[in-house]
Each structure stands twice: as structure tokens, then as C-alpha cells.
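# Structural overview
Each chain is listed here by its residues.
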Amino acid sequence: MIILGVETSCDDTGIALIEKNSKGFRILSNVISSQIKIHAPYGGVVPNLAAREHLKNIEPCLKQALKQAKHPKIDLIAVTIGPGLIPSLLVGVNFAKALAYNWQKPIIGINHIEGHIYANWLSAAMTNKFPILCLVVSGGHTQLVLMKSHGKYQLLGQTRDDAAGEAFDKVAKLLNLGYPGGPIISQKAKQGNPKAFDLPRPMINSNNFDFSFSGLKTAVLHSLRSDLFDTPFCKRVYQKGLTSNMAASFQQAAIDVLIKKTIKAAKEYKVKNVMLSGGVAANQELRKQMAQSVKKELPNSNFYIPDYILCTDNAAMIATVAFHKKKPVPKQSWLQVEANANLKLIA
Ligand code: KG4
Ligand code: ZN
């Protein structure tokens, strides 16, 4: 069975072809057209610009994906319907619906967060032993999700303000590092001392599985200011090491909270496996430290993370969700697929 995935929820245009055979999933093609250069001057994604770029890029992406996969026979189309930016979602959803109508193929709408979770099933070692705890950390979401079986979720906790990736992006902005912040902060952090700044770990000991990152971002701002004011004017901002030290200190504060809550939830719900996913799961330090903590604190659980390229937005993960959907696809399914910017994982 071969599924065509379409993803345009934010600023990446993604088209992928995935095959399922007796050995598991095989990525036939996974084309991603990034818009980073377009949005970088604005310090964040501009929704209408993103939609315009999706419109420009989606057809070339499809052509490339089909060519790379050697034009296989497609059985089903899977498209992200939300959550995301509505101008962006509408491009992918309408494009996919038009394809479904034109090719007379069934189509199903997929939740983007579910896509991030299922990126883990594209790695060869993935298991089907439930319950699984999944920490989804992206630019728009930070959620601890308990997965009881395929497609059955319980939301244990989520961010009350900024998402983890959003915090990386905003701190990068405060440090004048550019956009998107996550990859740049993690690079800078490699040369920095994570203990250089004593930043708070918001909600780390709270009696729930929620997160908060906006206070951490403000703490970075105040630390930068006080560092400025108690030294000869401005010089220290450009002092060697300050940016890397702040990047490392912020990154460690965020990682500490994410790990502590994940381990606590995994113990409380006695999960068999722990998974990480979403753009922030591409963070090397988070990957390394989470793996170490799971090994130490949950010796009977396995830990899974998608390959780097499958952590950030892509259509391969969207197609993979579709393989696990049990409900039969209705006739003329293109009439029923609609974008929904606020789509929830759990209805
Ligand atoms: O999943 P994603 O591609 O898009 C959303 O669904 O939001 O995630 C993008 C987010 C951005 O905030 C970006 O800064 C963050 O993931 N990110 C990282 C890293 N790579 C991307 N954050 C921390 N470390 C990274 N290496
Ligand atoms: Zn995403």
C-alpha cells in the first residue's frame, strides 16, 4: 500500500510517498521545501507570505516526490488539516482535495500533532508496546501525551503559555541570533557553560504535567539586562562567551523541566515506552539527556526518537498516521476533508 502525504501547516511545504510492506514502512520520497529565508527577516513566520510560498512550491514538490519514488500507484492521500496557520493549511488541504478528485483516490485529513508522534514509526526499531508516553515539543506545541493504543490518546499536560520551540525562538531573538532559534541556540550552547546563569525551571515541581516557558524567556531578558547594567556600558554584551553561556543556560533550564516531567509521568502511568517528537526533538542535548534519564530512571522502558529530518515538519509523518487509521474512508471523501486551525488531538 502506498500513501501520498501532504503537509503545509506552517512554513514547510512537504510531499512524501510512503510504502507499507511486511517489513514495515519505507520512505519512497520525502520532499521538504523550507521557507526559512523568506521569514527570517521578520523574526518569525508571516502567515500570508507562508501561504503564497506554499502555493508556489507545492506543485514542484509533488513532481519531485513522484519522480524520486518512480511514479508508483497511489492508494490513499493523507493531508494535514490542523492545527496550524489557516492560510497555510488551506493551500495543502485544497491541493490534496483537488488531487483526490482528479485521480479519484480516497483522502483523509490528519492531525499535525499525531503526525509528529507517528514520525517515530518511521524508525526501524519502533515497537507497538503500549502504553507509550510521548513528549511532543514543537514551535507551536508542548504536550505530554499518553498513547494507550494506535489512535487512542490522553493529554496529560501541556504548556500554559509559550511552546518549547517558541521559547527557543524568542530567546534567540533576545540574543540577536536570528530565526529559527532552536538550531542556532543548540549550536551556540555547545561552546557555553550551562551553569553560567542561574535561570529558573518554571513549574518543575508542580503537582501536574503542565509546562510554562514564558517566565524562563523573561528571566533570560532580565539576566541580559542586569549583565549589561552592572558593567562598563554595553561592553559585556559583546564579551566573548556571553551569548553561548546564555544559550547553554537557557537550553539546560528548558531540558531540565522537559525531562523531569516526562520521567514523572512515565513512572506514574507505568508506560512501556517513551517517545520524543516535534522540531525541538532535533535538539542534540535533549535527545542525549532524555535517553540517559530514561535508561537510569526507567530501566524497563525503551526510548525512541525520530531521525533528525523527521523531527521538524514533513509529510512522511503525515502519511504514516494514515496507515494506522481503521475507519473506512467514505466515497467522495474529498467532500469531507476541511482545514481546522485549532484541531485538537483529543476531541
Ligand atoms: O515541528 P516543527 O518543525 O514545527 C511546528 O510544528 O511548530 O518545530 C519547529 C520548532 C522551532 O521552534 C525551532 O526553533 C525548533 O522546532 N527547533 C529546535 C531545534 N531544531 C528546531 N529547537 C531546539 N533545538 C533544535 N535543534
Ligand atoms: Zn510541526
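Bear in mind the structure is a predicted one, so any value in this text is a computation, not a measurement.

### Here's the deal with the overall build of the chain
When helices and strands are counted, the chain shows 11 helices and 10 strands. Taken against the 2.2 N^0.38 rule, which gives 20 Å for 347 residues, the C-alpha radius of gyration of the chain at 21 Å falls within 12% of a compact globule. By its C-alpha atoms, the chain is 70 × 45 × 30 Å across when sized along the principal axes. Classification of the 347 residues of the chain by burial places 56% in the buried group. Summarising the internal contacts of the chain: among those between residues at least 6 apart in sequence, 74% fall at separations of at least 24. Summed over its atoms, the accessible surface of the chain is roughly 16100 Å², and 53% of this surface lies on carbon and sulfur atoms.

### A look at the domain arrangement of the chain
Here the domain parsing of the chain yields domain 1 (2–119 + 310–335) and domain 2 (130–305). Taken over C-alpha atoms, the centre of domain 1 sits 28 Å from the centre of domain 2. Tallying the contact residues gives 16 residues for domain 1 and 20 residues for domain 2. Buried area between domain 1 and domain 2, both sides added, is near 1400 Å², and the carbon and sulfur share of it is 70%. By the criterion of area lost to domain 2, the three top residues of domain 1 are Ile113, Ile117 and Cys311, representing 40% of everything that side buries. Here domain 1 is connected to domain 2 by 0 salt bridges.

### Section: the packing of aromatic side chains
All chains considered together, the criterion is met by 7 aromatic pairs. Look at Trp121 and Phe130: their rings are 6.5 Å apart centre to centre, the planes differ by 25 degrees, and that puts the pair in the stacked class. Neither Trp121 nor Phe130 differs from the other in exposure class; each is buried. With centroids separated by 6.2 Å and ring planes inclined at 10 degrees, the aromatic side chains of Phe211 and Phe213 adopt a geometry described as stacked. We classify Phe211 as buried; its relative accessible area is 0%.

### Observations regarding the site of ligand 1
Around ligand 1, a shell composed of 19 residues is seen, among which His116, Gly139, Asp169, Gly182 and Asp313 lie nearest. Within the side chain of His116, a nitrogen or oxygen atom sits 3.0 Å from an oxygen atom of ligand 1. Backbone polar atom of Gly279 to an oxygen atom of ligand 1: 3.0 Å apart, as the coordinates give it. Protein contacts shield 89% of the accessible area of ligand 1, which totals 560 Å² for the unbound molecule. Only helix 4 (112–118), helix 5 (164–174) and helix 6 (181–189) provide two or more residues apiece to the shell around ligand 1. Considering each element in turn, the shell around ligand 1 owes the most residues, 4 residues, to helix 6.

### Some points on the sheet that holds strand 10 (residues 302–304)
The strand order 8-7-6-9-10 describes an open sheet built from 5 strands, whose pairing is mixed. If you trace the sheet from one side to the other, it starts and ends with strand 8 (152–158) and strand 10, each paired once. Strand-to-strand, the axes of this sheet are offset by a mean angle of 20 degrees, without reference to chain direction. By the bridge criterion, 3 bridges tie strand 9 (residues 273–277) to strand 10 in an arrangement that is parallel. Opposite Met275, over in strand 10, you have Tyr304 as the bridge partner. Strands in contact with helix 8 (residues 242–268) are strand 6 (132–137), strand 7 (142–149), strand 8 and strand 9; relative to strand 6, the strand with the most contacts, it is inclined by about 160 degrees.

### Brief notes about helix 6
All of the buried residues along helix 6 are Gly181, Gly182, Ile185, Ser186 and Ala189. For helix 6, the buried positions fall inside an angular range of 125 degrees around the axis, keeping them on one side. Those residues of helix 6 that are buried are in contact with helix 5 and helix 8.

### Focus: the pattern of salt bridges
Counted according to the given criterion, the structure contains 13 salt bridges. A salt bridge links Glu114 to Lys325, with the shortest nitrogen-to-oxygen separation between them at 3.1 Å. Taken together, the positions of Glu114 in helix 4 and Lys325 in the segment after helix 11 (316–323) put the pair 211 residues apart, joining distant regions of the chain. The buried category is assigned to Glu114, whose relative accessible area is 6%. Residue Lys325 is classed as partly exposed on the basis of its relative accessible area, which comes to 37%. When the shortest N-O distance is used, the salt bridge between Glu297 and Lys267 registers 2.6 Å. Taken as a pair, Glu297 in helix 9 (residues 284–297) and Lys267 in helix 8 lie far apart in primary sequence, 30 residues in all. What makes Lys267 partly exposed here is its relative accessible area of 42%. Several salt bridges converge on common partners, so that one network encompasses Asp162, Glu166, Lys170 and Lys217.

What counts, and where the lines are drawn
Residues numbered from 1 in each chain as written. Chains lettered and ligands numbered in written order. Predicted model: local features only at pLDDT ≥ 70, side-chain atom pairs only at ≥ 80, totals over all residues. Heavy atoms only, no water. Helix = DSSP H or I, 4+ residues; strand = E, 2+ residues; numbered from the N terminus. Rg over C-alpha atoms; globule rule 2.2 N^0.38 Å. Buried < 20%, exposed > 50% of the residue type's maximum accessible area, 1.4 Å probe, protein only. Contact = heavy atoms within 4.5 Å. Areas by Shrake-Rupley, 256 points an atom, 1.4 Å probe, with all protein chains shown as cover. Domains from an automatic or database assignment. Buried area = accessible area lost by both parts, 1.4 Å probe. Salt bridge = Lys/Arg side-chain N within 4 Å of Asp/Glu carboxyl O. Phe/Tyr/Trp six-rings, centres within 6.5 Å; stacked < 30°, edge-to-face > 60°. Near = heavy atom within 4 Å. Polar contact = N/O pair within 3.5 Å; in protein donor to acceptor, adjacent residues only side chain to side chain. Pairing = 2+ DSSP bridges. Axes fitted to C-alpha atoms, helices over the stretch in contact; angles between N-to-C directions. Arc of directions from axis to C-beta.

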